[in-house]
Structure formats: structure tokens, C-alpha cells
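Fold and contact review
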Amino acid sequence: MTFARTTLSDHVVREIIAEIKQRQLRAGDEIPAEGELAERHGVNRLVVREAIRTLVARGVLASSQGKRATVATPSPAVLAQILEFRLSQKSMDLRDLLDTRRVLEGELAQRAAACVAAGEGTVAEASEALDTMRGAVGDRDAFIAGDLAFHQAVANLARSEVFSFLLAAMNGVLLDARRASYEGREQRGTGQDATIEGHQRILDAIASGDGAAAAEAMTGHLAETSHDLGLP
């Protein structure tokens, strides 16, 4: 072969991904051993190891010393890292991310309400998260943990794996924004009552199966969050 080494590694990466798809391998399933992959693709083991390291970094594979690499459970952390890097490089800003979250979560709230209306789920998980928030007033980190759990519960109820994955990635990136929003309300002396009331409106609309009201309540709540951060 006349490929450069980096191109050889990229080639093996593509072939491993293709094999995972073709064999319909699931999380925890082993891929072939390094020696077998090297022989199959006409490369040395160093190239195979480089390809595996690349796939581990992407969250496609999991690897441990002395064992074959296995297919990993897809993690939103990989996407979160990309978003964080773009924010740090100023190739996207916080306003972009919050606008995206507003659109995404408005749709999730509407879908969650539709699932409730169809008898396909309940708001029990979201209600429990809201109770956690109420009991955590004065404890920033516990309050934010409840907040995250509430929004993830809405996503779970909406039954969209892709949207849930995207939201989980964005939640990690926006953690500092949530902290800033919390501290801003505390400094202004408004406390967390408005936040809890906003979540209650979302919960009530979803519980009633009113998709339009749920979307409106969610986007209104997230608009208030942007305002807390001084964004238009």
C-alpha cells in the first residue's frame, strides 16, 4: 500500500466502524484482536492501535489493558467536548447554544405532553425532580442537579433518543451558565421561586396533555434563563 501512516489509520478506523455496523455489534461486544485486524487490512499493529485509540477517543470503542477492545455505549460527553471547544474558540457563542436549547426543549415539552395525552407515560419522574428542587433551595449544586433531572425527565418522556442525546451533551456545556443564572438570582434577592414556578407551569401543561402550552411554558422559562445571563 502507498497510504501515508495517518491515512492508513483513518482507513482502519472506517473499516472497523463499517464492521460494527455490518455485524450489528452492540455495546460490550468485542471487535477482532489487533493481530487479526492488522492481517485483514494489510497493516502493522501500530496502525491498528492508533485506529483503536482514535475510536476510543470518539467514544465508539472502550479499551482496557490486555483485553480486546469492545463497542462502547455512545456518550454525549464526546459531543459536549466539541461544543465546549467551539465555545472556547469563539466559533459559536452562548447565545447560539441557548437558542438551540430553547428550540430543542420546546419540541421535547410538546412531545412529552403528546405522550401523556396518548397514555404513553406520566410526569412522575419530572414531578420528583421538581420536588428535589424545592427541597434544595439554598443549596446551589443540589438545586441545579434537580433542575437537570427535571429537563432530562421531560426528554425521557418525549421518547426521542436523538433529542435526549443532544440535550445531555448541551447540559454539560451549559452547567456554568446554570450556576451563573442561580447566583445572579441570589444576588438580586429574587431567590429561586420564579425558577420553581416556571418548572411547575411546564409540568402542569405536560400533565394536562397540552402540547402547545407545554412548548410555550418551556420556551418562556428558557427565555428567562437567557435574561438572567444578560442575553437578549
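Each value, and the rule that gives it
Residues numbered from 1 in each chain as written. Predicted model: local features only at pLDDT ≥ 70, side-chain atom pairs only at ≥ 80, totals over all residues. Heavy atoms only, no water. Helix = DSSP H or I, 4+ residues; strand = E, 2+ residues; numbered from the N terminus. Rg over C-alpha atoms; globule rule 2.2 N^0.38 Å. Buried < 20%, exposed > 50% of the residue type's maximum accessible area, 1.4 Å probe, protein only. Contact = heavy atoms within 4.5 Å. Areas by Shrake-Rupley, 256 points an atom, 1.4 Å probe, with all protein chains shown as cover. Core = buried A, V, L, I, M, F, W, Y, C linked by side-chain atoms within 4.5 Å. pLDDT = per-residue confidence, 0-100. Expected span 1.5 Å × (residues − 1). Salt bridge = Lys/Arg side-chain N within 4 Å of Asp/Glu carboxyl O. 1 Å grid on protein atoms, 1.4 Å probe; cavity = no way out; pocket = protein on both sides within 12 Å on 5 of 7 lines; lining within 4 Å. Points joined across faces, edges and corners; volume = space filled by probe spheres on them. Nonpolar A, V, L, I, M, F, W, Y, C, P; charged D, E, K, R; others polar.

Some details on the overall build of the protein chain
Counting secondary structure elements, the protein chain contains 11 helices and two strands. Listing each helix as α and each strand as β along the protein chain from the N terminus yields α-α-α-β-β-α-α-α-α-α-α-α-α. Its C-alpha radius of gyration of 22 Å places the protein chain more than 25% over the 17 Å reference for a compact globule of 232 residues. With the C-alpha coordinates aligned to their principal axes, the bounding extent of the protein chain is approximately 65 × 40 × 30 Å. By the burial criterion, 40% of the 232 residues in the protein chain qualify as buried. Within the protein chain, contacts between residues separated by at least 24 positions form 69% of all contacts whose residues are at least 6 apart in sequence. Accessible surface, the protein chain: about 12400 Å² in total, of which carbon and sulfur atoms supply 51%.

Points about the nonpolar core
Within the largest apolar cluster, 43 residues are counted, with the highest numbers of intra-cluster contacts made by Leu-97, Phe-150, Val-154, Leu-157 and Ile-206. At the level of elements, helix H4 (76-88), helix H5 (94-117), helix H6 (124-135), helix H7 (140-158), helix H8 (161-173), helix H9 (175-188), helix H10 (193-207) and helix H11 (211-228) are the ones that each hand at least two residues to this core. Tallying contributions element by element places H5 first for this core, with nine residues. Here Phe-150 is in contact with Ala-126, Ala-129, Leu-130, Met-133, His-199, Ile-202 and Leu-203, once residues within four sequence places are set aside. Counting 18 residues, the second largest nonpolar core, distinct from the first, contains Val-13, Ile-16, Leu-55 and Leu-61.

What about the environment of Ala-177?
The topology assignment puts Ala-177 in helix H9. Residue classification places Ala-177 among the buried positions, given a relative accessible area of 12%. Between the C-alpha atoms of Ala-177 and Ala-145, which are 32 residues apart in sequence, the distance is 13 Å. Look past the residues within four positions of Ala-177 in its chain and what remains in contact with it is Leu-94 and Leu-229.

Re the confidence of the model for the protein chain
Low pLDDT means the predicted atomic positions in that stretch should not be read closely. For the protein chain, the average pLDDT comes to 90, and 97% of its residues sit at 70 or higher. Ranking the elements of the protein chain by mean pLDDT puts H9 last, at 85, and H6 first, at 97.

A short note on H7
For H7, spanning 19 residues, the distance from its first C-alpha to its last is 27 Å, which sits close to the expected 27 Å at 1.5 Å a residue. Where H7 is concerned, the buried positions are Phe-143, Ile-144, Gly-146, Asp-147, Phe-150, His-151, Ala-153, Val-154, Ala-155, Leu-157 and Ala-158. Buried residues belonging to H7 abut H5, H6, H8, H9, H10 and H11. Arg-159 sits one or two residues past H7 and shows a positive phi near 60 degrees.

Considerations on the pattern of salt bridges
Scanning the entire structure with this criterion turns up 14 salt bridges. With its nearest N and O atoms 3.8 Å apart, the salt bridge here joins Asp-93 to Arg-95. On the accessibility criterion, Arg-95 (34% relative accessible area) is partly exposed. Each of the salt bridges in this network shares a partner with another, and the network as a whole consists of Glu-19, Arg-23, Glu-36 and Arg-40.

Notes on the layout of surface pockets
Empty space within the largest pocket amounts to approximately 290 Å³. Together, 15 residues line the largest pocket, and Glu-34, Ile-52, Ser-63, Ser-64 and Lys-67 are the ones closest to its centre. Top contributing element to the lining of the largest pocket by residue count: helix H3 (residues 45-57), with four residues. Empty space within the second largest pocket amounts to approximately 160 Å³. Ile-20, Gln-24, Leu-25, Arg-26, Gly-59, Val-60, Val-71, Ala-72 and Pro-74 are the residues that line the second largest pocket. Tallied by class, the residues present in the lining of the second largest pocket amount to six nonpolar, two polar and one charged.

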